[in-house]
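If you want the building blocks of each chain, they are given just below.
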Amino acid sequence: MNGQIVRVISNLYTVKIDDQLYGCRARGIFRKNKITPIVGDNVIIDIDNNVINDILPRRNELKRPVIANVDMAIIVTSTKKPNLDLNLLDKLLSIIIFNDIEPVICFTKLDLLNEAELEMIESLRRYYEMIGINVLYNTETNDIKKLIKNKIVVLAGQTGAGKSSLLNKLDDKLNVKTDEISEALGRGKHTTRHVELYPIADGYIADTPGFSALDISEMSREQLRDTFLEFNNYECKFRDCMHNKENDCGVKKALENKMILQSRYNDYLLFLEEIRK
Ligand SMILES: Nc1nc2c(ncn2[C@@H]2O[C@H](COP(=O)(O)OP(=O)(O)OP(=O)(O)O)[C@@H](O)[C@H]2O)c(=O)[nH]1
Ligand SMILES: [Mg+2]
Ligand SMILES: [Zn+2]
(Lines give C-alpha, C1' and ligand atoms only; values in the text may rest on other atoms or scores of the structure.)
(Ligands and ions follow the chains in the order given, each with its own letter.)
Protein backbone atom coordinates (compact mmCIF):
# COMPACT_ATOMS: atom_id res chain seq x y z
CA MET A 1 0.00 0.00 0.00
CA ASN A 2 1.15 3.54 -0.78
CA GLY A 3 0.98 6.22 1.85
CA GLN A 4 2.64 9.36 3.17
CA ILE A 5 4.42 9.91 6.46
CA VAL A 6 2.73 12.72 8.37
CA ARG A 7 4.41 12.44 11.75
CA VAL A 8 7.59 11.00 13.20
CA ILE A 9 8.15 10.41 16.90
CA SER A 10 11.50 8.73 17.42
CA ASN A 11 11.14 5.39 15.60
CA LEU A 12 7.40 5.47 15.16
CA TYR A 13 6.09 6.72 11.86
CA THR A 14 2.50 7.73 11.28
CA VAL A 15 1.55 6.93 7.70
CA LYS A 16 -1.57 8.29 6.06
CA ILE A 17 -3.35 6.18 3.46
CA ASP A 18 -6.43 7.94 2.13
CA ASP A 19 -7.87 9.21 5.39
CA GLN A 20 -6.61 6.45 7.64
CA LEU A 21 -3.55 6.71 9.88
CA TYR A 22 -1.26 3.76 10.52
CA GLY A 23 1.55 3.53 13.03
CA CYS A 24 4.57 1.90 11.42
CA ARG A 25 8.18 1.01 12.03
CA ALA A 26 10.84 1.21 9.36
CA ARG A 27 12.43 -1.87 7.90
CA GLY A 28 15.95 -2.45 9.27
CA ILE A 29 17.47 -2.09 5.83
CA PHE A 30 16.98 1.69 5.98
CA ARG A 31 19.25 2.07 8.97
CA LYS A 32 21.87 -0.03 7.28
CA ASN A 33 21.72 2.11 4.14
CA LYS A 34 21.69 5.28 6.24
CA ILE A 35 18.33 6.37 4.87
CA THR A 36 15.94 7.78 7.40
CA PRO A 37 12.29 8.10 6.52
CA ILE A 38 11.11 11.65 7.14
CA VAL A 39 7.83 13.51 7.26
CA GLY A 40 6.43 13.94 3.78
CA ASP A 41 7.97 10.75 2.41
CA ASN A 42 5.81 8.70 0.10
CA VAL A 43 6.26 5.15 1.29
CA ILE A 44 5.17 1.62 0.55
CA ILE A 45 4.00 -0.14 3.67
CA ASP A 46 3.19 -3.69 4.59
CA ILE A 47 -0.15 -3.01 6.20
CA ASP A 48 -0.39 -6.37 7.97
CA ASN A 49 2.92 -6.00 9.77
CA ASN A 50 2.95 -2.21 10.09
CA VAL A 51 6.30 -1.90 8.42
CA ILE A 52 7.61 0.66 5.95
CA ASN A 53 9.17 -1.34 3.13
CA ASP A 54 10.23 1.34 0.73
CA ILE A 55 10.65 5.09 0.30
CA LEU A 56 9.78 6.55 -3.08
CA PRO A 57 12.11 9.15 -4.61
CA ARG A 58 11.81 12.61 -3.05
CA ARG A 59 10.80 15.60 -5.12
CA ASN A 60 12.53 17.90 -2.69
CA GLU A 61 13.92 17.78 0.81
CA LEU A 62 14.23 20.58 3.30
CA LYS A 63 16.82 20.47 6.04
CA ARG A 64 15.09 22.78 8.45
CA PRO A 65 12.40 21.65 9.01
CA VAL A 66 13.24 18.11 7.95
CA ILE A 67 10.43 17.51 5.46
CA ALA A 68 10.29 15.87 2.06
CA ASN A 69 7.95 16.48 -0.84
CA VAL A 70 6.85 19.93 0.20
CA ASP A 71 4.14 21.15 -2.19
CA MET A 72 3.78 24.74 -1.14
CA ALA A 73 5.53 27.42 0.87
CA ILE A 74 3.63 30.41 2.21
CA ILE A 75 5.95 33.38 2.54
CA VAL A 76 4.48 35.29 5.45
CA THR A 77 5.48 38.88 4.83
CA SER A 78 4.90 41.65 7.33
CA THR A 79 4.01 45.04 5.86
CA LYS A 80 4.81 46.89 9.13
CA LYS A 81 6.37 45.97 12.49
CA PRO A 82 8.68 44.54 11.23
CA ASN A 83 8.78 46.68 8.09
CA LEU A 84 8.21 45.27 4.64
CA ASP A 85 11.37 43.51 3.48
CA LEU A 86 11.16 42.99 -0.29
CA ASN A 87 14.72 41.72 -0.48
CA LEU A 88 13.88 38.85 1.87
CA LEU A 89 10.65 38.20 0.00
CA ASP A 90 12.43 37.97 -3.35
CA LYS A 91 15.16 35.78 -1.89
CA LEU A 92 12.66 33.33 -0.40
CA LEU A 93 10.74 33.32 -3.69
CA SER A 94 13.86 32.34 -5.62
CA ILE A 95 14.86 29.61 -3.16
CA ILE A 96 11.34 28.18 -3.06
CA ILE A 97 10.93 28.15 -6.83
CA PHE A 98 14.38 26.61 -7.22
CA ASN A 99 13.33 23.75 -4.90
CA ASP A 100 10.30 23.01 -7.05
CA ILE A 101 7.88 24.24 -4.41
CA GLU A 102 4.87 26.42 -5.21
CA PRO A 103 5.27 29.81 -3.54
CA VAL A 104 2.39 31.82 -2.07
CA ILE A 105 2.82 35.30 -0.64
CA CYS A 106 0.77 36.20 2.42
CA PHE A 107 0.99 39.83 3.53
CA THR A 108 0.22 40.54 7.19
CA LYS A 109 -0.53 43.54 9.41
CA LEU A 110 -2.39 45.55 6.78
CA ASP A 111 -4.47 46.90 9.65
CA LEU A 112 -1.43 48.98 10.66
CA LEU A 113 -1.15 50.76 7.28
CA ASN A 114 -2.44 54.13 6.17
CA GLU A 115 -4.20 54.49 2.84
CA ALA A 116 -1.09 55.33 0.80
CA GLU A 117 0.80 52.38 2.26
CA LEU A 118 -2.14 50.10 1.58
CA GLU A 119 -2.25 51.23 -2.04
CA MET A 120 1.47 50.44 -2.32
CA ILE A 121 0.87 46.89 -1.05
CA GLU A 122 -2.05 46.44 -3.43
CA SER A 123 0.10 47.42 -6.39
CA LEU A 124 2.78 44.98 -5.22
CA ARG A 125 0.11 42.34 -4.97
CA ARG A 126 -0.95 42.99 -8.57
CA TYR A 127 2.66 42.75 -9.75
CA TYR A 128 3.40 39.42 -8.08
CA GLU A 129 0.05 38.05 -9.25
CA MET A 130 0.85 39.17 -12.76
CA ILE A 131 4.00 37.06 -12.74
CA GLY A 132 1.95 34.02 -11.70
CA ILE A 133 2.26 33.90 -7.91
CA ASN A 134 -0.74 33.66 -5.60
CA VAL A 135 -0.88 36.61 -3.21
CA LEU A 136 -3.19 36.79 -0.22
CA TYR A 137 -3.70 38.85 2.91
CA ASN A 138 -3.72 37.05 6.24
CA THR A 139 -7.35 38.12 6.66
CA GLU A 140 -8.38 36.06 3.63
CA THR A 141 -8.42 32.80 5.55
CA ASN A 142 -10.99 31.01 3.40
CA ASP A 143 -8.93 31.55 0.26
CA ILE A 144 -5.80 30.37 2.07
CA LYS A 145 -7.62 27.21 3.18
CA LYS A 146 -8.65 26.49 -0.39
CA LEU A 147 -5.06 26.81 -1.57
CA ILE A 148 -3.58 24.45 1.02
CA LYS A 149 -6.12 21.65 0.58
CA ASN A 150 -4.38 18.27 0.33
CA LYS A 151 -0.94 19.83 0.36
CA ILE A 152 2.14 19.76 2.54
CA VAL A 153 2.78 23.39 3.29
CA VAL A 154 5.60 25.16 5.10
CA LEU A 155 5.54 28.70 6.41
CA ALA A 156 8.52 30.90 5.76
CA GLY A 157 9.19 34.45 6.85
CA GLN A 158 11.07 36.54 9.37
CA THR A 159 10.47 36.45 13.08
CA GLY A 160 7.42 38.44 14.11
CA ALA A 161 5.92 38.34 10.62
CA GLY A 162 2.85 36.54 11.93
CA LYS A 163 3.33 32.88 10.97
CA SER A 164 2.02 31.40 14.20
CA SER A 165 -0.79 33.96 14.28
CA LEU A 166 -1.78 32.87 10.79
CA LEU A 167 -2.03 29.26 11.93
CA ASN A 168 -4.28 30.32 14.79
CA LYS A 169 -6.45 32.25 12.34
CA LEU A 170 -6.73 29.18 10.12
CA ASP A 171 -7.74 27.00 13.05
CA ASP A 172 -8.51 28.62 16.40
CA LYS A 173 -8.32 25.25 18.15
CA LEU A 174 -4.58 25.12 17.53
CA ASN A 175 -3.56 27.82 19.98
CA VAL A 176 0.00 28.14 18.71
CA LYS A 177 2.21 30.35 20.82
CA THR A 178 2.74 33.81 19.37
CA ASP A 179 4.91 36.57 20.68
CA GLU A 180 5.16 40.32 20.85
CA ILE A 181 7.54 41.51 18.18
CA SER A 182 9.63 43.63 20.56
CA GLU A 183 10.22 40.62 22.74
CA ALA A 184 10.89 38.35 19.78
CA LEU A 185 13.43 40.72 18.27
CA GLY A 186 14.98 41.45 21.66
CA ARG A 187 15.90 37.83 22.05
CA GLY A 188 16.95 37.71 18.43
CA LYS A 189 15.26 34.35 18.20
CA HIS A 190 12.20 32.80 16.72
CA THR A 191 9.43 32.15 19.21
CA THR A 192 8.73 28.87 17.50
CA ARG A 193 11.48 26.39 18.15
CA HIS A 194 10.02 23.00 17.42
CA VAL A 195 8.69 21.55 14.18
CA GLU A 196 5.20 20.24 14.00
CA LEU A 197 2.86 19.43 11.17
CA TYR A 198 -0.63 20.70 11.85
CA PRO A 199 -3.51 19.14 9.94
CA ILE A 200 -5.43 22.13 8.60
CA ALA A 201 -8.06 22.26 5.88
CA ASP A 202 -7.20 18.75 4.68
CA GLY A 203 -3.58 19.75 4.30
CA TYR A 204 -0.58 19.79 6.60
CA ILE A 205 1.26 22.92 7.65
CA ALA A 206 4.59 23.09 9.40
CA ASP A 207 4.90 26.10 11.68
CA THR A 208 8.56 26.80 11.54
CA PRO A 209 11.08 29.39 10.57
CA GLY A 210 11.80 27.39 7.46
CA PHE A 211 14.39 27.84 4.77
CA SER A 212 17.03 29.39 6.96
CA ALA A 213 19.28 26.43 6.18
CA LEU A 214 18.91 26.92 2.46
CA ASP A 215 20.69 29.76 0.86
CA ILE A 216 20.95 31.32 -2.49
CA SER A 217 24.53 30.25 -3.12
CA GLU A 218 23.35 26.68 -3.78
CA MET A 219 22.19 28.00 -7.15
CA SER A 220 24.19 28.80 -10.22
CA ARG A 221 23.76 32.29 -11.67
CA GLU A 222 21.72 30.84 -14.52
CA GLN A 223 19.47 28.95 -12.11
CA LEU A 224 18.94 32.16 -10.14
CA ARG A 225 18.00 33.99 -13.35
CA ASP A 226 15.41 31.36 -14.16
CA THR A 227 13.70 31.77 -10.78
CA PHE A 228 12.84 35.35 -11.75
CA LEU A 229 9.79 34.12 -13.64
CA GLU A 230 8.90 37.42 -15.31
CA PHE A 231 12.25 37.63 -17.12
CA ASN A 232 11.14 34.75 -19.35
CA ASN A 233 8.52 37.01 -20.94
CA TYR A 234 11.13 39.11 -22.71
CA GLU A 235 13.48 38.42 -25.56
CA CYS A 236 17.10 39.39 -25.61
CA LYS A 237 19.67 39.48 -28.36
CA PHE A 238 21.70 36.75 -26.64
CA ARG A 239 19.86 33.56 -25.79
CA ASP A 240 21.89 33.09 -22.61
CA CYS A 241 21.55 36.75 -21.60
CA MET A 242 22.04 37.36 -17.88
CA HIS A 243 20.20 40.70 -18.20
CA ASN A 244 23.12 42.47 -16.62
CA LYS A 245 25.76 44.13 -18.79
CA GLU A 246 24.55 42.80 -22.16
CA ASN A 247 23.29 44.99 -25.02
CA ASP A 248 19.85 44.63 -26.54
CA CYS A 249 18.43 43.11 -23.38
CA GLY A 250 14.64 42.74 -23.34
CA VAL A 251 14.57 42.59 -19.56
CA LYS A 252 16.41 45.89 -19.17
CA LYS A 253 14.10 47.48 -21.72
CA ALA A 254 11.09 46.17 -19.79
CA LEU A 255 12.60 47.67 -16.65
CA GLU A 256 12.91 51.08 -18.34
CA ASN A 257 9.29 50.79 -19.47
CA LYS A 258 8.30 49.99 -15.88
CA MET A 259 7.02 46.55 -16.88
CA ILE A 260 9.45 45.01 -14.38
CA LEU A 261 9.55 46.19 -10.79
CA GLN A 262 12.75 48.08 -9.98
CA SER A 263 13.06 46.35 -6.59
CA ARG A 264 12.87 42.94 -8.28
CA TYR A 265 15.63 43.79 -10.69
CA ASN A 266 17.80 45.31 -7.95
CA ASP A 267 17.37 42.19 -5.84
CA TYR A 268 18.29 40.04 -8.83
CA LEU A 269 21.58 41.91 -9.25
CA LEU A 270 22.29 41.65 -5.52
CA PHE A 271 21.70 37.89 -5.53
CA LEU A 272 23.84 37.46 -8.66
CA GLU A 273 26.65 39.19 -6.79
CA GLU A 274 26.08 37.02 -3.72
CA ILE A 275 26.44 33.89 -5.84
CA ARG A 276 29.58 35.16 -7.52
CA LYS A 277 31.28 35.71 -4.15
N1 LIG B 1 -1.65 44.26 14.01
C2 LIG B 1 -1.38 43.01 13.65
N3 LIG B 1 -0.57 42.25 14.42
C4 LIG B 1 -0.30 40.99 14.02
C5 LIG B 1 -0.85 40.45 12.82
N6 LIG B 1 -0.36 39.18 12.67
C7 LIG B 1 0.41 38.95 13.75
N8 LIG B 1 0.47 40.03 14.57
C9 LIG B 1 1.24 40.18 15.83
O10 LIG B 1 2.64 40.11 15.53
C11 LIG B 1 3.35 39.50 16.61
C12 LIG B 1 4.22 38.36 16.09
O13 LIG B 1 3.38 37.35 15.55
P14 LIG B 1 3.79 35.78 15.53
O15 LIG B 1 2.63 35.07 14.90
O16 LIG B 1 4.23 35.33 16.87
O17 LIG B 1 5.04 35.82 14.54
P18 LIG B 1 5.90 34.59 14.00
O19 LIG B 1 6.09 34.83 12.54
O20 LIG B 1 5.27 33.29 14.36
O21 LIG B 1 7.27 34.81 14.75
P22 LIG B 1 8.37 33.71 15.14
O23 LIG B 1 7.68 32.52 15.74
O24 LIG B 1 9.24 34.45 16.11
O25 LIG B 1 9.09 33.39 13.87
C26 LIG B 1 2.28 39.05 17.60
O27 LIG B 1 2.21 40.02 18.63
C28 LIG B 1 1.01 39.05 16.81
O29 LIG B 1 -0.12 39.27 17.59
C30 LIG B 1 -1.71 41.29 12.01
O31 LIG B 1 -2.22 40.92 10.94
N32 LIG B 1 -1.92 42.55 12.49
MG1 LIG C 1 5.95 31.66 15.49
ZN1 LIG D 1 18.59 40.13 -21.22
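Whatever comes next refers back to the structure up there.
Residues numbered from 1 in each chain as written. Chains lettered and ligands numbered in written order. Predicted model: local features only at pLDDT ≥ 70, side-chain atom pairs only at ≥ 80, totals over all residues. Heavy atoms only, no water.

(A) Quick look at the nonpolar core. With 50 residues, the main nonpolar core has I67, I105, Y128, L224, I260 and Y268 as its most contacted residues. Taken domain by domain, this core gets at least three of its residues from each of domain 2 (67–206) and domain 3 (217–276). Excluding its chain neighbours within four sequence positions, the residues that come into contact with Y128 are L86, L89, D90, L93, I105, I133, V135 and R264. Core analysis: the next-biggest nonpolar cluster, separate from the first, contains 18 residues, V76, C106, I144 and A161 among them. (Core = buried A, V, L, I, M, F, W, Y, C linked by side-chain atoms within 4.5 Å. Buried < 20%, exposed > 50% of the residue type's maximum accessible area, 1.4 Å probe, protein only. Domains from an automatic or database assignment. Contact = heavy atoms within 4.5 Å.)

(B) Layout of the packing of aromatic side chains. This model, assessed by the stated rule, comprises six aromatic pairs. A ring pair is formed by Y127 and Y128, whose centres lie 5.8 Å apart and whose planes are at 90 degrees; its orientation type is edge-to-face. The exposure class of Y128 is buried, given its relative accessible area of 0%. Residues Y265 and Y268 carry aromatic rings whose centres are separated by 6.2 Å and whose planes lie at 45 degrees to one another, so their mutual orientation is tilted. In this pair, Y265 and Y268 are both assigned in helix α9 (residues 262–276), three residues apart and thus about one turn of the helix distant. Like Y265, the residue Y268 is buried in the burial classification. Three or more aromatic residues joined by ring pairs form one cluster here, namely F228, F231, Y265, Y268 and F271. (Phe/Tyr/Trp six-rings, centres within 6.5 Å; stacked < 30°, edge-to-face > 60°. Helix = DSSP H or I, 4+ residues; strand = E, 2+ residues; numbered from the N terminus.)

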